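Coordinate analysis (summary)
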Amino acid sequence: MSHELPKTYDPSAIEVRWAEYWINEKLFSVKTPEPGSDAAKLPVFTLLLPPPNVTGRLHMGHMLNQTEMDIIMRWRRMSGYLTLWVPGTDHAGIATQMMVERQLATEGVTRQNLGRDAFIERVWKWREHYGGAILGQMKRLGVSVDWDREYFTMDENLSRAVTEVFVRLHEQGLIYRGNYIVNWCPRCQTAISDLEVVHEDYAGKLYQIRYPVSGDHSQSLTIETTRPETMLGDTAVAVNPRDDRYKALHGKKLLLPLLNREIPIITDELADPEFGSGAVKVTPAHDPNDFQAGLRNNLLQINVMDEQARINENGGPYAGMDRYEAREKILHDLTQQGLLVGIKDHSYAIGKCDRCKTIVEPRLSTQWFIRIQPLADRAIEAVEKREIVFTPENYAKTYFEWMRNIHDWCISRQLWWGHRIPAWHCSACHHITVARTAPASCQQCGGSALVQENDVLDTWFSSALLPFTVFGWPEKTRDLDVFYPTQLLITGFDILFFWVARMIMMGCHFMADHPQGSVPFKEVYIHALVRDAERQKMSKVKGNVIDPIEVTEKYGTDAVRFMLASMASPGTDIAFSESRTDGYRAFANKIWNAARFMFMHLDRVGGVSITGGAPKDAQNNLENRWILSRLNHVAGTVNQSLTEYRFDEAANTVYSFFWGEFCDWYLEIIKPRLTGSETEARSALAFLGYVFEAALRLLSPFMPFITEEIWHAMYEGKPPSKSISLTRYPQCDPKALNNDAEQQMALIQELIVNIRNLRAELKVEPKEKTGVRIHAGADIEKLVNENRSMLERLANVDDTQFVPESLAKEKISRATAQFEVALVYEQKIDVAAETERLTKELNKNKPLLSGAEARLSNQQFLSKAPPHVVEGLKKQVEELRVVIERLQRRLDELK
RNA sequence: GGGCGGUUAGCUCAGCUGGUUAGAGCGCCUGCCUUACAAGCAGGAGGUCCACGGUUCGAGUCCGUGACCGCCCACCA
């Protein structure tokens, strides 16, 4: 048997294979543990995948999100948790319907041609063929989700739960139906919620229009409006009751221009005396504020637009025109009649449909709403009481801000694709029956001519329920007992209100009596945005979108994951860095080659098997004590960092450990032993294998593919378990920490670096060995003598002498506080270069010394600073004095 | 109109409760194809931490003001 690993690291060759293996072996599928079973005793860690749209394709945001989730889940799984990660897709009402309608359009068909049932059937077919491509992409990324539990928000069981929730909320008086101003998208031809409206600054105009007093055309009121076309629906003009200018007009009527309809002058707080003339037109059917004013004053509501925002029959001569066409015509007509008094520039925000960017029309229509306040109150409390904790913490503030100013949620959509509202209209008496299943007869009149509500629910209605519906709610299931609440939610801030806040409201409401708490998750980690290299937001329009699958294929999934993790510091956006990704591919390559190096020696010597335990005789040399101590330190740091979601810290720690310490120093140090006698090599390899295996486990959550590949190779195809992801994550063992070893090793490293420095300075040929003389304390002499071959090998030295006298006068020497070292080398030195270096060094150190001295002579500092700081500074001053004195003397000698 | 975040090396970012000489990756310069790795090794240069003021023995770190960049929320005609 030998340890098989191809010569070159080719990520694509290994990644697809392991991704498939993990799925086929069902490594991440979790069976619900039976009560009393061993599995039931494990701590549980549940995570819900934010369901991507069924129409979606993977983008960098998904990749970051999934990388972070996968790191946490692999780490928790390896740390002994029963780890369940539930994937699924969202039916994405509007998005999907648009997609299919577009497809129909190419066939020259509209959904109306097809009819509702046939259209929906068509959507299901579409989903079968094209939907969920994103899940395939996720599989390529190797995310450790439980594919056996994959859900779709329109699945039968989830749809039943949606109905149940709707009916219960209705029974509780938390869902109502009514005629209100809603945001209406004239293109999608449906109502949308406040959240689905995006506001954009718009440099518009303010039109001043004169409304003559009815019966007395010498008098008039001038109003200002940004939307003259809505005047067709005016049913009053308001002035402020305290506005003395208009007292004489109270109770009089105005003649609405163009339509010549009489409208009353009313007094209402709606009118701000400071704004314009102080008089404001009131259009209850087309403006939310006017709507409220209309209710207060019992005004007529005249809807002047149809569902496509064209002027309807109430618009007189303008009927049939588009709203903006009508605006132009109206302005033209007003000008002709001398009623357009002025036009001012006025910038304001206009609302656009989040989905199609059409300007939203506030429109009076009958919709279904959730009375949100009672749900919001509890959801606010849950975060206030830290039943749910946000990372970064300031998102809690954003959350409160929104929750405390929340409006009722319009949940009905005039679409076909989605959960149809479980309400039935009686044709006879118009009573509406809300029920779990189609009622046989009308609740009120007993009539049997019932028609189901046409509207469907907002997509976010069903996704708000997922934390409990995926576990079988409303049934009382074992899954709910075990897996609810989920531990963590990782998602982007863009859906904080759409999804996160609503899950909290619904979870708290419907799971109120759950023994483990009602909240749907205990922690929320909000991840940052992935931007392009120029820190621009990625967008299709700008054409700067980076396709994760493309870069994954170019650099390897492991490298892209590591890049994302290494930059994922909470609250900071990530500028996608191709060079950095390339750097992490180099890191993967480094790991690969380190493995090949080890395997080469394992195969040469034979008879060494990796057992996963530290060999007993491991501690009798410095480098082993050192690397073991470092490994444990690093394990401690990584575990701590991941607990705090410091992916960057965790990744950087394990990176510099593996490359900077394990490869650069440890492997170099043990090389002679590996090539020495077989006994010696076996002993070295046993320990090397132990450290390497632990390092692989440490790396595994970040780079699951390469670590899996090497880990299996390490065991020559006979690993102790099916996957490295099922082994235990390294923990910090305090007994393995060894400060002495770390300090001793640091000193030797410093010595070696200083010698290398001297050699570089003198341009000593790399192949040529030199002698060194060292002046230092007895303990250092002892340490160096014990590790002499290590020092000489790594510093390219053939003779090491300890001398009792100071080496300060030596031309070719370096010094630290602990030692002086000089090169035995006959070559002349470059006086100019050396002078420059020494001067620079001197100039750097002098101000440090004077600064430190000044502080030490400051009584305030001495009395107030903690002792260890004062001591540290004293020591520093001593060291600096020595160093500066030496530098000065060397400079003098060179002259 | 409210609220939030950022400004540290040429570039992208760390720097956790204030404490010895501010770090990393990439890029740059010098020298090495040293049989694990040139996707590498060794060495090096490079920063008045946006500005001003304050608190403190001590500020990249805390407070205030300003500048610049960015984000979110919002029914002022």
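Above: the structure in question.
The following paragraphs examine the structure supplied in this document. (Residues numbered from 1 in each chain as written. Chains lettered and ligands numbered in written order. Predicted model: local features only at pLDDT ≥ 70, side-chain atom pairs only at ≥ 80, totals over all residues. Heavy atoms only, no water.)

1. Things to note about the packing of aromatic side chains
We describe a pair of aromatic rings using the distance from one ring centre to the other and the angle between the two ring planes. Formally: Whether two aromatic rings pair depends on their centres lying within 6.5 Å, for rings of Phe, Tyr and Trp, where Trp uses its six-membered ring; planes under 30 degrees apart make the pair stacked, over 60 edge-to-face, and the rest tilted. Note on conventions: DSSP H or I runs of at least 4 residues are helices, E runs of at least 2 residues are strands, and numbering of each starts at the N terminus. Each residue is assigned to one of three classes by its accessible area relative to the maximum for its type, calculated with a 1.4 Å probe on protein chains only: buried under 20%, partly exposed between the two thresholds, exposed over 50%. Criterion for a charge above a ring: Arg CZ or Lys NZ at most 6 Å from the ring centre, at most 35 degrees from the ring normal.
Throughout the structure, instances matching the rule amount to 43 aromatic pairs. Where W473 meets F510, the ring centres are 5.4 Å apart and the plane angle is 70 degrees; that geometry is what we call edge-to-face. A residue pair is termed long-range when its members are at least 10 positions apart, and W473 in the loop between α13 (466-469) and α14 (478-483) and F510 in helix α15 (residues 496-510) qualify at 37 residues. Accessibility expressed as a relative area gives 8% for F510, which makes it buried. Here the aromatic residues F562, Y584, F587, Y655, F658, W659, F662, Y666, F692 and F702 are joined through ring pairs into a cluster of three or more. Across from the ring centre of W22, 4.4 Å away, lies the NZ or CZ of R74, which sits over that ring. Sitting above the plane of the F400 ring, R404 keeps its charged end 4.4 Å from the centroid.

2. Side note on the nonpolar core
What counts, and what does not: Put simply, a nonpolar core is a bunch of buried Ala, Val, Leu, Ile, Met, Phe, Trp, Tyr and Cys residues held in one set by side-chain atoms that sit within 4.5 Å of each other. When checking whether two residues touch, look at their non-hydrogen atoms; a contact exists if any pair is within 4.5 Å.
If you look at the biggest cluster of nonpolar residues, it comprises 137 residues, and the most contacted ones within it are F658, F662, F692, F702 and I710. Residue contacts for I710: discarding those within four places in its chain leaves L5, I591, W592, A595, F599, F692 and L696. By size, the runner-up hydrophobic cluster in this structure holds 71 residues, among which are Y151, I421, I432 and F483.

3. Overview of a negative patch on the surface
Spelled out, the test is: The patches described consist of residues with a relative accessible area above 30% and no salt bridge, like charges being joined within 9 Å and nonpolar side chains (Val, Leu, Ile, Met, Phe, Trp, Tyr) within 5 Å. In short, Shrake-Rupley with a 1.4 Å probe defines the accessible areas, and a residue's cover is counted only from the protein chains shown. One speaks of a salt bridge when a side-chain nitrogen belonging to Lys or Arg is within 4 Å of a carboxyl oxygen belonging to Asp or Glu. A residue counts as positive if it is Lys or Arg and as negative if it is Asp or Glu; His and the chain ends are not included. Charged groups are reduced to one reference atom each: NZ for lysine, CZ for arginine, CG for aspartic acid, CD for glutamic acid.
On the surface, E765, E768, D798 and D799 cluster together into a patch of negative charge. Among the secondary structure elements, D799 is positioned in strand β27 (residues 797-802).

4. Regarding the sheet that holds strand β19 (residues 432-434)
Heads up, the condition is: A pair of strands is considered paired only if DSSP assigns at least 2 bridges between the two. Between N-to-C directions, angles span 0 to 180 degrees; the directions come from axes that are lines fitted to C-alpha atoms, helices contributing only their stretch in contact.
Taken together, 3 strands build an open sheet; the order of strands is β19-β18-β20 and the sheet is antiparallel. Strand pairing shows two members of the sheet lacking a second neighbour, β19 and β20 (450-452), which therefore form its edges. The sheet shows a mean angle of 30 degrees between the axes of neighbouring strands, taken without regard to direction. The pairing of strand β18 (residues 423-426) with β20 spans 3 bridges and is antiparallel. Bridge pairing in β20 links H425 to V451.

5. Details of unusual backbone geometry
Omega for the peptide link from T391 to P392 comes to -10 degrees, which places this bond in the cis form. Structurally, P392 can be placed in the loop between β15 (389-391) and α11 (394-403). With omega at -5 degrees, the peptide bond leading from Y484 into P485 counts as cis. By the element assignment, P485 lies in the loop between α14 and β22 (486-492). Phi is positive for K26, close to 50 degrees, though the residue is something other than glycine. Tracing the chain through its elements places K26 in the loop between α1 (11-24) and β1 (44-48). Here N260, not a glycine, exhibits a phi torsion of approximately 50 degrees, which is positive. Position of N260 among the secondary structure elements: in the loop between β10 (253-256) and β11 (261-267).

6. Examining the packing of helix α19 (residues 622-643) against helix α23 (residues 739-761)
Counted only if it meets this: In what follows, roughly perpendicular refers to angles from 65 to 115 degrees, roughly parallel to angles under 35, roughly antiparallel to angles over 145, and oblique to any angle outside these ranges. By convention the crossing between two helices is left-handed if the near helix lies anticlockwise of the far one by an angle smaller than a right angle, and right-handed if it lies clockwise.
Orientation of α19 relative to α23, taken along the N-to-C sense of each, is 115 degrees, at an axis distance of 8 Å. In terms of orientation, α19 lies roughly perpendicular with respect to α23. Every pair of crossing elements has a handedness; the one defined by α19 and α23 is left-handed. Each of L622, R625, W626, S629, R630 and H633 in α19 lies in contact with α23, whose residues at this interface are N739, A741, E742, Q744, M745, I748 and Q749.

7. So, the protein's contact with RNA strand B
To keep it simple, the criterion reads: Whether a residue is near a molecule or strand depends on its heavy atoms: if one lies within 4 Å, it is near. The term polar contact refers here to a pair of N or O atoms within 3.5 Å; inside protein, the definition further demands a hydrogen-donor-capable atom paired with an acceptor-capable atom, and it admits residues adjacent in sequence only when both atoms are side-chain atoms. Residue polarity is assigned by list, with Asp, Glu, Lys and Arg as charged and Ala, Val, Leu, Ile, Met, Phe, Trp, Tyr, Cys and Pro as nonpolar; anything else, Gly included, falls into the polar class.
Around RNA strand B sit 61 residues in total, of which F275, N289, R535, T572 and K864 are the nearest. Of what RNA strand B places within 4 Å of the protein, 56% of the atoms are sugar or phosphate. Between RNA strand B and the protein, one listed contact pairs a sugar or linking oxygen with a side-chain N or O atom of R596 at 3.1 Å. Within the side chain of Q876, a nitrogen or oxygen atom sits 2.5 Å from a sugar or linking oxygen of RNA strand B. When residues of the surface near RNA strand B are assigned to their parent elements, the largest contribution, 11 residues, is made by helix α18 (residues 578-605). A breakdown of the residues in the surface near RNA strand B according to their chemical character gives 26 nonpolar, 16 polar and 19 charged.

8. Section: the pattern of salt bridges
Within this structure, the stated rule accounts for 53 salt bridges. For E156, the salt bridge is made with R160, and the minimal N-O distance between the two is 3.6 Å. Of the two residues, E156 and R160 both sit in helix α7 (residues 156-171), 4 residues apart, roughly one turn of that helix. Summarising the burial analysis for this pair, E156 and R160 share the class exposed.

9. What to know about the packing of α18 against helix α21 (residues 678-699)
Contact geometry for α18 and α21: axes closest at 10 Å, N-to-C directions at 150 degrees. Considering their axes alone, α18 and α21 lie roughly antiparallel with respect to each other. For α18 against α21, the interelement crossing comes out left-handed. Residues F587, I591, A594, A595, M598, H601, L602, R604 and V605 of α18 lie in contact with α21, whose contacting residues are E678, A681, R682, L685, L688, G689, F692, L696 and L699. Considering only residue class, the contact of α18 with α21 consists of 13 nonpolar, 2 polar and 3 charged.

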